[in-house]
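# Inside the fold
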Amino acid sequence: MSAETPAASGQFTRRRLQFRAWRGQRPFWAGLFIIIGGLPIAYFPYANLRIGHLTLAMATTAGAGSLIIGVLLVVLGLSLWFQKHIRVFAGVAAILLALVSIPVSNLGGFLIGFLFALVGGAMAVSWVPGEPPEQELRADEGVHGGAPEGAFPESTVSGPAEGAAATGEPNDLSGTSPANGANGRHSAG
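Conventions adopted
Residues take numbers from 1 onward in each chain, read along the sequence in its written order. This being a predicted model, a pLDDT of at least 70 is required before a residue's local features are given, and a value of 80 or more before pairs of side-chain atoms are given or counted; all residues contribute to the totals for chains, interfaces and linings. Calculated side-chain values reflect all of the structure's heavy atoms, with hydrogen atoms and water omitted. Labels follow the DSSP assignment, with helices taken as runs of H or I lasting at least four residues and strands as runs of E lasting at least two, numbered in each case from the N terminus. A 1.4 Å probe rolled over the protein chains alone gives each residue an accessible area, and that area as a share of the maximum for its type sets the label: buried under 20%, exposed over 50%, partly exposed in between. For this analysis, residues touch if any pair of their heavy atoms sits within 4.5 Å. Accessible areas in this description were obtained via Shrake-Rupley with a 1.4 Å probe; residue shielding takes into account the shown protein chains only. UniProt positions are given in the numbering used here, feature names are shortened, and annotations may be inferred rather than shown by experiment. Buried residues of nine kinds, namely Ala, Val, Leu, Ile, Met, Phe, Trp, Tyr and Cys, make up a nonpolar core once their side-chain atoms join them within 4.5 Å. Each patch groups residues whose relative accessible area exceeds 30% and which form no salt bridge, using 9 Å between like charges and 5 Å between nonpolar side chains of Val, Leu, Ile, Met, Phe, Trp and Tyr. A carboxyl oxygen of Asp or Glu within 4 Å of a side-chain nitrogen of Lys or Arg is what we treat as a salt bridge. Side-chain rings of Phe, Tyr and Trp (the six-membered ring for Trp) are treated as a pair once their centres are within 6.5 Å; stacked means planes under 30 degrees apart, edge-to-face means over 60, and tilted covers the remaining angles. For every element, the axis is a line fit to its C-alpha atoms; helices are fit only across the contacting stretch, and the angle between N-to-C directions ranges from 0 to 180 degrees. Comment on the angle field: the value is read as roughly parallel under 35 degrees, roughly antiparallel over 145, roughly perpendicular from 65 to 115, and oblique elsewhere. Take the far helix as your reference; a near helix turned counterclockwise from it by less than a right angle gives a left-handed crossing, and one turned clockwise gives a right-handed crossing. Amino acids outside the nonpolar list (Ala, Val, Leu, Ile, Met, Phe, Trp, Tyr, Cys, Pro) and the charged list (Asp, Glu, Lys, Arg) are all regarded as polar, and Gly is one of them. To estimate how far a helix should reach, multiply one less than its number of residues by 1.5 Å. Picture the helix axis, draw a direction to every C-beta atom, and the arc is the one those directions span.

A tally of regular secondary structure across the protein chain gives 7 helices and 2 strands. Order of helices (α) and strands (β) in the protein chain, N terminus to C terminus: α-α-β-β-α-α-α-α-α. Taken over 189 residues, the protein chain has a buried fraction of 25%. Intrachain contacts of the protein chain at a sequence separation of at least 6 include 65% that bridge at least 24 residues. Here the protein chain has roughly 13500 Å² of accessible surface; of this, 64% comes from carbon and sulfur atoms.

Pasting the structure below:
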């Protein structure tokens, strides 16, 4: 394939749809949030801020602990993408690591990494794989797709002159009137 050969038509759309299908089958956003949360936790203890000729080091004595927490969060985020069955473990571990990062790593990466890892862990724990939609109609759904009778305008509804008001019967649809012996209690069936 030479440099002058145009890209196959629709290849970008096909790749985008493949990525979208892949992303929909796993806790993608939870993993992304956890990865984003791990980066500032690992980075800030080793960063130096320069203000003119003054260098401000944000390193702490627990710099190695911050690096370990940040790398573990990134690994947990990546494992959520590629092994979705560990979502509960990875989510709980990310929440615990985010909480541990508060005292160890400059308030959890100045609260940025802490909040991202915490939200990502909660999203991972709460993610549930979806079920694919059914393609074929069931036989008992009928013409209106299984809607209950009387749900469409072509059904006839009797007016109040023909209904219970004209015959003198009480208009109690709950089935709890004293006349039928229910004494105000609902019948369980």
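This part takes up the UniProt feature "transmembrane region" (unreviewed entry) in the protein chain. Mapped onto this structure's residue numbering, the UniProt feature "transmembrane region" (unreviewed entry) falls at residues 28–46, 58–81 and 88–104. Counted over residues 88–104, helix gives 100% and strand 0%. Its end C-alpha atoms are 24 Å apart.

Glancing now at the nonpolar core. Core analysis: the biggest nonpolar cluster contains 15 residues, and Ile34, Ile69, Leu73, Leu76, Leu80, Ala94 and Leu97 have the highest contact counts within it. Elements that contribute at least two residues to this core include exactly helix H2 (28–43), helix H3 (63–82), helix H4 (87–104) and helix H6 (112–126). Here this core gets 5 residues from one element, more than from any other, and that element is H4.

Taken together, the side chains of Val88, Val92, Leu96, Leu99 and Val125 make up a nonpolar region of the molecular surface, amounting to roughly 390 Å² of accessible area. Per-element accounting of the nonpolar patch gives the leading share, 4 residues, to H4. Inspection of the secondary structure assignment puts Val125 in helix H6.

With respect to the element layout, Ser101 can be found in helix H4. For Ser101, a relative accessible area of 0% gives the class buried. Once you skip the residues sitting within four places of it in the chain, Ser101 turns out to touch Ile41, Ile69, Leu107, Gly108 and Phe114.

To continue, consider the packing of aromatic side chains. What the rule picks out here adds up to 9 aromatic pairs. A centroid spacing of 6.2 Å and a plane angle of 70° characterise the contact between Trp22 and Phe28, whose relative ring orientation is edge-to-face. Seen from their ring centres, Trp22 and Phe82 are 5.9 Å apart, and the 45° between their planes marks the pair as tilted. Of this pair, Trp22 sits in helix H1 (residues 11–24) while Phe82 is found in helix H3, placing the two residues 60 residues apart along the sequence. Overall, the relative accessible area of 25% leaves Trp22 in the partly exposed class.

All right, on to the environment of Leu32 then. The topology assignment puts Leu32 in helix H2. Owing to a relative accessible area of 23%, Leu32 belongs among the partly exposed residues under this scheme.

What describes two packed helices is the angle between their axes and the distance between those same axes. Contact geometry for H2 and H6: axes closest at 7 Å, N-to-C directions at 155°. By the angle between their directions, the pair H2 and H6 is classed as roughly antiparallel. The chirality of how H2 crosses H6 is left-handed. Contacts between H2 and H6 involve Trp29, Ala30, Phe33, Ile34, Ile36, Gly37, Pro40 and Ile41 on the former and, on the latter, Ile112, Gly113, Phe114, Phe116, Ala117, Val119, Gly120, Gly121, Met123 and Ala124. Looking at the contact of H2 with H6 residue by residue, the class counts come to 14 nonpolar, 4 polar and no charged.

This next bit is on H6. Two residues of an α-helix separated by three or four positions point the same way, owing to the 3.6 residues in each turn. Between its first and last C-alpha atoms H6 spans 21 Å; for 15 residues at 1.5 Å apiece the expected length is 21 Å, and the two agree. Turning to H6, its buried residues number three or more, namely Gly113, Phe114, Ala117, Gly120, Gly121 and Ala124. In a view along the axis of H6, the buried residues occupy a sector of 140°, so they form one face of it. In this fold, the buried residues of H6 make contact with H2, H3, H4 and helix H5 (106–110).

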